[in-house]
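A structural walkthrough
Given next are the chains, with one letter for each unit.
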Amino acid sequence: MEFANKHVHQIVRYFGQSFSRHVNNLKLHISCCCLCGNPCQQHPLLCQYCQADLPYFDHQRVPYDLLLWPAIAKIIPINRFDHLLAIAPYVWPFDTWIGQLKYQHKTELAALLSYLLIIHWRQYLEIENVNLTSENTMILAVPLHIKKWQERGFNQAHLIARKFAQHFNYNYQTNIIVRDKLTENQVGKSGAERRKNLKNAFSIQFNTQFPMPTQVVLIDDVVTTGTTANEICRLLKKKGVQNITLLSLCLALPGKS
Ligand SMILES: [Zn+2]
């Protein structure tokens, strides 16, 4: 009887493994690029050819730290952050992906966007020889007001930041920046109106469990005028953070979106 049981277990185990192998093979075959439909190898949603062909900033011409690019001063007149990085201008397909993530709840796109952000960040650290390690750096994401979070069900910047931090083993904290005020949409507002709209919108809560780091990487999906990031960075600097990198998927350039 014991002999029979042992064989039954082996057979079940064999078919179990065989079944999961089949499922994994099937997954590889059904992974097709969300842009061209061809099979994917490196990421389940994007083939290597479309990935290579994305409209990245050309870092042969433009510095990785976009604050060093003179044209940026006109778009973002006040910068309380020390560095600004973005993968690409806010154009297709990034604008479509970010819209689908936020408004059509295609949360699988957060994995794709954080994958691209990870590649960009790794290149930046290597090429610019930047020393932002898991010991000295804290990752924060631009928060949504709790009411908006409940309506949408998630914060896209949080989804992206969490995967990004996990990959590099960075300390990621979600409760440090608190969005106290439900602000009006910033679209169409002047610089002064945007700043007024964001007055007292955020507070910063470092505590003994999560003491203030010297370096912060603040993650957002799109930087337009930088007003929101400026306000958060103003408060972080007031608390004593020395160095802030604003890391965004896209930078909305005037006339490009
Ligand atoms: Zn493709």
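Residues numbered from 1 in each chain as written. Predicted model: local features only at pLDDT ≥ 70, side-chain atom pairs only at ≥ 80, totals over all residues.

Some thoughts on the sheet that holds strand E2 (residues 137-141)
If you walk across this open sheet you meet the five strands as E1-E7-E6-E2-E3, and the pairing is parallel. Taken across any chain shown, the strands that pair with only one partner, and hence form the sheet edges, are strand E1 (83-89) and strand E3 (171-172). For E1 and strand E7 (residues 243-251), the ladder comprises six bridges, and the chain directions are parallel. Paired with Pro89 across the two strands is Leu251, which belongs to E7. (Pairing = 2+ DSSP bridges. Helix = DSSP H or I, 4+ residues; strand = E, 2+ residues; numbered from the N terminus.)

Let's talk about the confidence of the model for the protein chain
Interpretation of the predicted coordinates at a detailed level should be avoided for regions scoring low in pLDDT. This prediction gives the protein chain a mean pLDDT of 87; 86% of its residues lie at or above 70. Here residues 23-28 is modelled with pLDDT under 50, and outside its nearest four sequence neighbours on either side it reaches zero contacts, counting other chains as well. (pLDDT = per-residue confidence, 0-100. Contact = placed C-beta atoms within 7 Å.)

Looking at the pairing of E2
Burial analysis of E2 places five of its five residues in the buried class, the great majority of the element. Residues Thr137, Ile139 and Ala141 point to one face of E2 and Met138 and Leu140 to the other, with burial holding for every one of them. As defined by bridge partners, E2 adjoins E3 across two bridges and the pair is classed as parallel. Looking at the pairing, Met138 lines up with Asn171 of E3. (Buried ≥ 20, exposed ≤ 12 C-beta atoms within 10 Å, placed from the backbone.)

Some points on helix H5 (residues 108-127)
When the terminal C-alpha atoms of H5 are compared, their 29 Å separation across 20 residues agrees well with the 28 Å that a helix rising 1.5 Å per residue should span. Buried residues of H5: Leu109, Ala110, Leu113, Ser114, Tyr115, Leu116, Leu117, His120 and Trp121, and no others. Buried residues along H5 sit in contact with E1, helix H4 (94-103), helix H7 (156-168) and E7. Residue Asn129 follows H5 closely and has a positive phi angle near 55°. (Expected span 1.5 Å × (residues − 1).)

Some words on the nonpolar core
Most often, soluble globular proteins keep nonpolar side chains buried together rather than apart. Ranked by size, the top nonpolar core spans 52 residues in total, and within it Ala86, Ile139, Ala161, Leu218 and Ile219 carry the most contacts. Excluding residues that lie within four positions of it along the chain, Ala86 makes contacts with Phe57, Leu66, Val223, Ser248, Leu249, Cys250 and Leu251. Membership of the second largest hydrophobic core comes to five residues, among which are Cys34, Cys40, Leu45 and Cys47. (Core = buried A, V, L, I, M, F, W, Y, C linked by C-beta atoms within 7 Å.)

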